Amino acid sequence: QVQLVESGGGLVQAGGSLRLSCAASGLSFSSYVMGWFRQAPGKEREFVAAVTWSGSRTHYEDSVKGRFTISRDNAKSTAYLEMNSLKPEDTAVYYCAAGRDWGPTVVVVSTRYDYWGQGTQVTVSS
């Protein structure tokens, strides 16, 4: 019954921007921290960003800090990932996730999340 539905992925040139959306249903959205992960072909799933229950605090992987912005709208039960200055190495399938706990050693671990979206492809051309 819990569902996370992602949208906004696509093909973009290096230096361009995309905004990913994650629409949640079947859960108390404001009771969950929200995170974004990505996985490139042949590589492990990598933490990208996370945001607290109210949206007041965020945490980013170093390579995206200053370029990506995570946010949430609890009234719409939707999380967002704004991606600017995209690079070819950002190419991956991006996944939205929901978990209960917050902390710098918690949100970076994929197994600490309870629910996952289906993933959306982001391709950045050079």
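Our subject is the structure that appears above.
Fair warning: this is a prediction, and the values are worked out from it, not measured in the lab. (Residues numbered from 1 in each chain as written. Predicted model: local features only at pLDDT ≥ 70, side-chain atom pairs only at ≥ 80, totals over all residues. Heavy atoms only, no water.)

Q: How do you make sense of the packing of aromatic side chains when you look at a structure like this?
A: For any two aromatic rings, the description comes down to two numbers: the centre-to-centre distance and the angle of the planes. Per the counting criterion, the structure on display carries 5 aromatic pairs. Summarising the aromatic geometry, the rings of phenylalanine 37 and tyrosine 113 are spaced 5.2 Å apart at their centres and angled 85 degrees between planes, so their arrangement reads as edge-to-face. Remark: tyrosine 113 occurs in the loop between β9 (92-99) and β10 (115-116) and phenylalanine 37 occurs in strand β4 (residues 33-39); sequence separation between them is 76 residues. For phenylalanine 37, a relative accessible area of 1% translates into the label buried. Put simply, the rings of Phe37, Phe47, Tyr113 and Trp116 touch in pairs and so form one group of aromatic residues. Positioned over the ring face of tyrosine 95 is arginine 45, at 4.9 Å from the centre of the ring. Cation over ring: arginine 72 sits above phenylalanine 29, and NZ or CZ is 4.4 Å from the ring centre. (Phe/Tyr/Trp six-rings, centres within 6.5 Å; stacked < 30°, edge-to-face > 60°. Helix = DSSP H or I, 4+ residues; strand = E, 2+ residues; numbered from the N terminus. Buried < 20%, exposed > 50% of the residue type's maximum accessible area, 1.4 Å probe, protein only. Lys NZ or Arg CZ within 6 Å of the ring centre and 35° of its normal.)

Q: Can you walk me through the state of the cysteines in this structure?
A: Each disulfide consists of one covalent bond between the sulfur atoms belonging to two cysteines. Using the criterion set out here, one finds 1 disulfide in the structure. Put simply, cysteine 22 and cysteine 96 are joined by a disulfide, and their sulfur atoms are 2.1 Å apart. Where cysteine 22 bonds to cysteine 96 through sulfur, the torsion about that S-S bond is close to -80 degrees, and the disulfide is left-handed. With a gap of 74 residues between them, cysteine 22 in strand β3 (residues 18-25) and cysteine 96 in strand β9 connect regions that are remote in the sequence. (Disulfide = S-S within 2.5 Å.)

Q: Just checking my understanding: could you explain the pairing of β9 for this structure?
A: A regular strand carries its side chains on alternate faces of the sheet. Most of β9 sits out of view: 7 of its 8 residues are buried. Pairing geometry for β4 and β9, over 7 bridges, is antiparallel. Across the sheet, arginine 38 pairs through a bridge with tyrosine 94, a residue of β9. Bridge count between β9 and β10: 2 bridges; the pairing is antiparallel. By the bridge assignment, alanine 97 is partnered in β10 with tryptophan 116. (Pairing = 2+ DSSP bridges.)

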